[in-house]
Structure formats: structure tokens, C-alpha cells
Amino acid sequence: MTNNRLSFTFNFAVLIFVLTALCNGHGVYAQEKDTISLNEVVLKTHLGRTFKKEGKLTRLITRSEIESLPVQTLSETLDLLPALDLRQRGMSDLQTDISIRGGTFNQNMVLLNGINVTNPHTGHNTLSLPVSFFGVDQIEVLKGAGGKLYGYNAFSGAINFTTGLNKSPLQVELMGGDFGFKSAQAKTYFETGNKFEHHLMAGYQEGDGHQENTDFESLNLFYHGKYQQNKTQFDWMAGYANKGFGAFNFYTPRFSNQFEEVTTQFAAIKWSQDLSKLQLNANIYGLRSNDRFELFRENPPTWYTQHNKHQTDVVAAHLGVNYTSAIGKTSLHSEWRRELINSNVLGEPQTSVKEDENLFYTATKEAEFNHFFARNILDVTLAHQYNWKDLTLNIGLKSLHVEGVTKFYPGADLGYKINRSNYVVASVNKSMRLPTFTDLFYKGPTQISNPNLRAEEAITYDLTYAYKNKILNAQAAVFYRDAKNLIDWTLTPGEEVFRSMNISELGSFGVEVETDFNLALMFETEFLNNLRVGYSYLDNADANEDFESTYAFDFLKHKLTANLVISPLENMQWSIGGFYQKRNGGYQRFVNEEATGFVPYDDVITLNTKISYKYKKLTFLLDVFNILDQDAFDYGNILLPGRWAKFGVSFSL
């Protein structure tokens, strides 16, 4: 680790201080037990309704399901879902690119407790969240365009991470494992008075890495407070995260000894008021991300004069109104969002210099920024929902104003409840995505950006069917996305530099199925718990352009997922699961920083397992990633870890 990293001693001292504070004076509360099932979503959007009531179906993953899976990170959890492609450069949620239904990693909206925390600098920092895997109580995934529900980032889908549901007074987890892995996590819940709830979380982890220059270190601190009286509710949140990691071959295999550090600071306040037929809600929030990238971690050549340093800020305010009448529910919502970046590379050159003046330590401490860019976004949505017997019709029109340019994005969803077990939804939605600051401004030895990029746009057609009874929950979907002006980094024949550009058109067709069998009920046994199996297929109709694509054409053509949970002994749970994936496309293979030719991606089989045993208030854990010890690449030239065992113990009141 570099000298300006947060040291292990400092991080551990901070964590011990926080844990000590969390342990003081808490009562004992019963923790609710969730069932493991393929649920219809109960996520409240900014329109104040559940997706089910909106005529939408999506995927809800509860904390109890997460704990039953052979996973230890958010990336591993999401990777067990079909139609999601989690392309990891660094393990332990250091850097993961999320693709939903073949979209690129910049085409998803990421939310934390319903707040948009999508990073306009780059989608590579999607999972640079202030809360760790241990602190997330629930994950909700919307597959497909969510523009009229959320905004311009929900081009191919949205993911919401929820905290503040756990009411255990104290939970602590300590883990260690291969590759020098060490982790300490804690969270607590307590009340003050009768109406105030407090949720605090802290976590630290470090590792030597599975090969040269893949070491890492991270710290997470997060607080979520709540107040509720009658039909008034307030939520307030604040968080801090810092992670640094060796970035072997991350952005270019020509220079393998790279390093990156990312700091995230977050704060938000939410308010909602239910006045019978009238519901009001509002929120304000701020997000700051500091990113330092070192193309040469050590011994830079003479032509390399500075590291890339960026400070990205987002400030936003939202106001919404829902009104219920005899003809249904009408909603009007507006959000103003300002996105800006100070950098020594990205943005427009400035005559003056701005210094990093953060109160807390950041990855760009003592940096001097001489580039700047900002944009203001006003999002206004008018929607109406009409229910008639078992039909739900939801129509909406989003007006998006960006720096003097206005465009409209309509959408409609029609849901029909056939009976208690069967439900079908048909949707058509138009969505868009603005270029990231990296798309617009980044220039390096092997990349050149384009400041004149146009916004991406797409129309998505979706048909989803859901079935549910006591033994089987299932969903099946077919979709087609007609996109234009897609942004990608491409390499044309005869060149050695990738350029950001708009791809004229791209049609994507996909099918996905997910099933969840309650084996305990099916076979009337306590030995078998549940079996989950999923499959997705994707094809891009026009993937024959005369250039090498970095992201758009490297998609998962086939993905098969499965997970089995059993209970061999009382208080013991054993899960084994994984996936098979066949990726379209290929990459230039490099050996010792020299190109050796273009190779296609190999098929990948990843199998993981976890065994947990509960004894009184202690739970003992064994987690093994990549049991088969297979060589695997999510991105070319970036080898993922082989077999990786972790051991741990958790304590819960």
C-alpha cells in the first residue's frame, strides 16, 4: 500500500472505537425471520408505490436469503441472478461493473434506500457505497428500463440497496482466509424515546491479493436514523467509505502495475407525509467521490508526470405529490440534480487552481484541480395509475431538461392478475443515459475521449409472467431493446488507441427464467431447504461493426445459475451454488505487457459453497469461492482468484 493510504493501524483503531460505542446500553429486540423465496418486489419508488402496484415485477433478495447463499460480497450475491453480468476487476466489491440485460455498466441506476447514488464520473465506481455487504439488509433489482420511475440513469435497469431493517441490538463478524484476507464487521440498532430508531454499521477488510499487485484495503462507516409518528416519517443517513487496491491490468494491459483509491462521502434526508388521499414526499442529498488513479504505482517512466485525481460532487432535491381520486392515482414529481467534477484531467481547463479541502481523509488529499465541468438536470414526471378489477394500467411521461435541452420519455405498463397464482405484465418504455465525465473527457496513453458525445436512447418492450404457490415461485420474461447512440470505447483496425464514440444502432433480444422450489414443503423434510435455478439468453442483432468493442458487444450470451440449500444437522445450513456463462466477444491477449493476438472469451463455470453452524449466539462460517479452482476472466487479461477459502465467526444478540 502507498504511504498516503489509510494505514491498517488507523483503520483498526477507528473500527474498535466505533464498535465500543455501539455496544453501550442497548436493549434486546427480537429479529424477524424472513422466508427464502422468489418474491414480488415491495420497493417504494419515488412515486410512493410498490412495483407490484405499479404493474411491475422485479426481484427482491432479503437478508435471510443473502445469508443462505454461498456469497460474501454484493457482487457475488447479484451474480447468482440470471440476466445480470457482474464483471469484476477486483474482488471483495473493490470494483465491479454491473450489466443488466446486456446493457453496459454505465446504463444502470444504483440507489441506497431509494436515493440515487449513481456516480456521474464513471460506472466503474458503482459499488463504491458507504455501506458494506454486511450492512445491507435487502436488495431489489428492476430488470428493464426504469426511466419513468427513476430517471435518466435507469437505462437498462435499477438496483436498490436497503438498510435500517435489521433490529438486532448488536451483530459482530470476524473473518480471515486465503491471500491474507482479514475482515471485521459490526452493526447495531437502538431506540431513543418511542419514535427514534438508530442503525449504525462499520466494517474493515484487507488482503494481500491472489497475484502480484492485487492487494486491497477498505473501510466503511454508515448511520441510518428514522423517526415516525402517525403518518409522518423522516429518514436521515450519513456514510463514509475508503478503499485502495492494486489494479493489475485494470484499464490497460500495456502498463500492468496500476493502483487506485476511491473515497465516498454521502448524506441524505427523506420526508414523507400521508394525508389520506394526498401523499407528499421530499428528499435532499449529497454525494462526493474522490478518485486517485496511478497508471504506475512504482517506478514511473519520465514521460509520466502526474496521477489522475478527480473529485465528483452530486447535490439534489426532490419533491413529489400523489393524489388518489375516483379515476385512480395521479402523481407529479420533480427532481433537480447538479453533477460536477473538479479534476486534473477531466473537464474543461481552468485558469485557476482548486485544492482538495475535505474535512475527512480522501483519496485525493492535497490535490490541485485545474479542470472543471458541471451540468444541471431537471427531471419532471407526470404519471397516472388506473386499477379496474384485476387490471393495473400505469402510464407516465418524463420531461428531462439538461442545460437548455428538453426531451420527453414516455412509458406504459399493463399488469393483469389472472388468479392468485398467475400474474402477467406488458411494458413499453423509452429511456436515456447521459455520457459520464470519463466518456466525455478522459485521455490517456491508450484512450481518447469525445466531448461531443450524444445521449444514449432506447425503447424497451417487455413481457413478464410470474407464478407463485407454496412450493414454486417462478418468473419468465422476454424483452427487446431498440437502442441508438450507444456509447462505447472502440478500437478500429490499424489503430492502437481506443476512442469513445456513439454506435448508431443496436437491437438486443433476451429471454430469462428464474425458479425457486421450496424443497422442505415439496418433500416434507427438514434436510432439504430450497433450490433456485435460473437461465438467461441474450443476442445483439447488429453486433457486426468493423471495430473492437470494449463493453457493448462483450455480453453474456448464455448464463445458467443454480443454488441448493440443505440442513444436514440441526442448526447447520449448507449451500452450494454457482453459474455457467458463455460470453460473446473476445480481447487482445497480453503477455508481459506485449500483445499476442485476439482471443475469444472461454466459457466459465464458477462453483461456490458456504457452511454455517449456529451455537447459541455464535455462528461459525466456512465460505469457499471457486471450489473447482478454475481460471476465469470477466475482463480480458484480468485473472480472477482461484480457490479462496474464508473462515469466520459472528456474534448476535
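Residue-level account of the overall build of the protein, with values.
Counting its regular elements, the protein contains 5 helices and 36 strands. Relative to its full complement of 653 residues, the protein shows a buried share of 58%. If you take every contact in the protein between residues at least 6 apart in sequence, the share linking residues at least 24 apart comes to 63%.

Tell me what's going on with the packing of aromatic side chains, and back it up with residues and numbers.
A complete count under the given rule lists 19 aromatic pairs for this structure. Pairing Trp303 with Tyr304 gives two aromatic rings, centres 6.2 Å apart and planes at 90°, and the pair type is edge-to-face. Given a relative accessible area of 14%, Tyr304 falls into the buried group. Ring-pair connections join several aromatic residues into one group, and the members of that group are Phe179, Phe181, Phe216 and Trp644. Just above the ring of Phe579 sits the side chain of Lys559; from NZ or CZ to the centre is 5.4 Å. Taking the ring centre of Tyr601 as reference, the NZ or CZ of Arg583 above it sits at 5.7 Å.

Could you give an account of the environment of Arg454, with specific residues and numbers?
Looking at the element boundaries, Arg454 is found in the loop between β22 (447-448) and β23 (456-468). By relative accessible area, Arg454 is classed as partly exposed at 46%. Placed 19 residues apart in sequence, Arg454 and Pro435 show a C-alpha to C-alpha distance of 7.3 Å. When near neighbours in sequence (up to four residues on either side) are disregarded, Arg454 contacts Pro435, Asn485, Ile487 and Asn502.

Quick one: what's the story with the sheet that holds strand β4 (residues 108-112), residue by residue and with numbers?
Taken in spatial order, the 5 strands of this open sheet run β1-β6-β7-β4-β5, and their pairing is mixed. Taken across any chain shown, the strands that pair with only one partner, and hence form the sheet edges, are β1 (59-62) and β5 (115-116). Alignment of β4 against strand β7 (residues 157-162), held across 5 bridges, turns out to be parallel. For Asn108, the partnering residue across the bridge sits in β7 and is Gly157.

Lay out unusual backbone geometry with the relevant residues and their values.
Phi is positive for Asn485, which is not a glycine, with a value near 60°. Not every positive phi belongs to a glycine, and Asn592 is a case in point at roughly 55°. On the secondary structure map, Asn592 appears in the loop between β30 (586-591) and β31 (594-600). The exposure class of Asn592 is exposed, given its relative accessible area of 71%.

Rules of the game
- Residues numbered from 1 in each chain as written.
- Predicted model: local features only at pLDDT ≥ 70, side-chain atom pairs only at ≥ 80, totals over all residues.
- Heavy atoms only, no water.
- Helix = DSSP H or I, 4+ residues; strand = E, 2+ residues; numbered from the N terminus.
- Buried < 20%, exposed > 50% of the residue type's maximum accessible area, 1.4 Å probe, protein only.
- Contact = heavy atoms within 4.5 Å.
- Phe/Tyr/Trp six-rings, centres within 6.5 Å; stacked < 30°, edge-to-face > 60°.
- Lys NZ or Arg CZ within 6 Å of the ring centre and 35° of its normal.
- Pairing = 2+ DSSP bridges.

Read these as layout, nothing more, since geometry by itself doesn't imply function.
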